[in-house]
Amino acid sequence: TQAVNYLTVFEIVERTMQRTQRTIEAAATNVIEAVKATIPQIVEVECTVAKIAPPLGGKIDKVSVTLVG
């Protein structure tokens, strides 16, 4: 098994999140797809994306979604 270069993963996430995302679910899906496309030895990715201070009313610090792909 080959080791994963986490700097590469960070750069993929950074590049992906620079694009406009319509929802946090779309952002997580895009990160998963980009990681799997770039690093073929990774067959499953778990991605959690959090939105800080979501516009939901009340006192909510953040909302997050976790997707596995």
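Data block above holds the structure.
The rules behind each value
Residues numbered from 1 in each chain as written. Predicted model: local features only at pLDDT ≥ 70, side-chain atom pairs only at ≥ 80, totals over all residues. Heavy atoms only, no water. Helix = DSSP H or I, 4+ residues; strand = E, 2+ residues; numbered from the N terminus. Buried < 20%, exposed > 50% of the residue type's maximum accessible area, 1.4 Å probe, protein only. Areas by Shrake-Rupley, 256 points an atom, 1.4 Å probe, with all protein chains shown as cover. Lys, Arg positive; Asp, Glu negative; His and termini not counted. Charge placed at Lys NZ, Arg CZ, Asp CG, Glu CD. Expected span 1.5 Å × (residues − 1). Arc of directions from axis to C-beta. Contact = heavy atoms within 4.5 Å. Polar contact = N/O pair within 3.5 Å; in protein donor to acceptor, adjacent residues only side chain to side chain. Core = buried A, V, L, I, M, F, W, Y, C linked by side-chain atoms within 4.5 Å.

Colleague: Just to check I follow, could you spell out the overall build of the chain for this structure?
Modeller: The number of helices and strands found in the chain is two helices and two strands. In sequence order, the chain lays out its α and β elements as α-α-β-β. In terms of overall dimensions, the chain has a C-alpha envelope of 45 × 20 × 15 Å along the principal axes. With 69 residues in all, the chain has 25% of them scored as buried. As presented, the chain carries roughly 5200 Å² of accessible surface, and 53% of it is formed by carbon and sulfur atoms. Charged side chains of the chain number 7 positive and 7 negative; the gap between the two group centres comes to 7 Å.

Colleague: Got a minute to help me understand helix 1 (residues 6-18) in this structure?
Modeller: What sets the pattern is the α-helix's 3.6 residues per turn: residues three or four places apart point alike. Taking 1.5 Å as the rise per residue, helix 1 with 13 residues should run 18 Å; its terminal C-alpha atoms sit 18 Å apart, in good agreement. Among the residues making up helix 1, those that are buried are Val9, Ile12 and Thr16. Projected onto a plane normal to the axis of helix 1, the buried residues spread over an arc of 60° and lie on a single side. Structural note: helix 1 exposes Leu7, Arg15 and Gln18 on the side pointing more than 90 degrees away from its buried face. Buried residues belonging to helix 1 abut helix 2 (24-38). Structurally, the start of helix 1 carries an N-cap: the backbone nitrogen of leucine 7 is 2.8 Å from a side-chain oxygen of asparagine 5.

Colleague: Would you explain the environment of alanine 34 in this entry?
Modeller: The residue alanine 34 is located in helix 2 in this model. Filtering out sequence-adjacent residues up to four positions away, alanine 34 remains in contact with Ile12 and Thr16.

Colleague: What should I look at first to understand the nonpolar core in this one?
Modeller: Counting residues in hydrophobic clusters, the biggest one holds 14 residues, and the most contacted among them are Val35, Ile39, Ile42, Val45, Cys47 and Val49. If you list the elements that add at least two residues to this core, you get helix 1, helix 2 and strand 1 (46-52). Broken down by element, the residue count for this core peaks at six residues, all from helix 2. Residues contacting isoleucine 42, with those up to four places away along its chain left out, are Val4, Val35 and Lys36.

Honestly, it's all geometry; don't read function into it.
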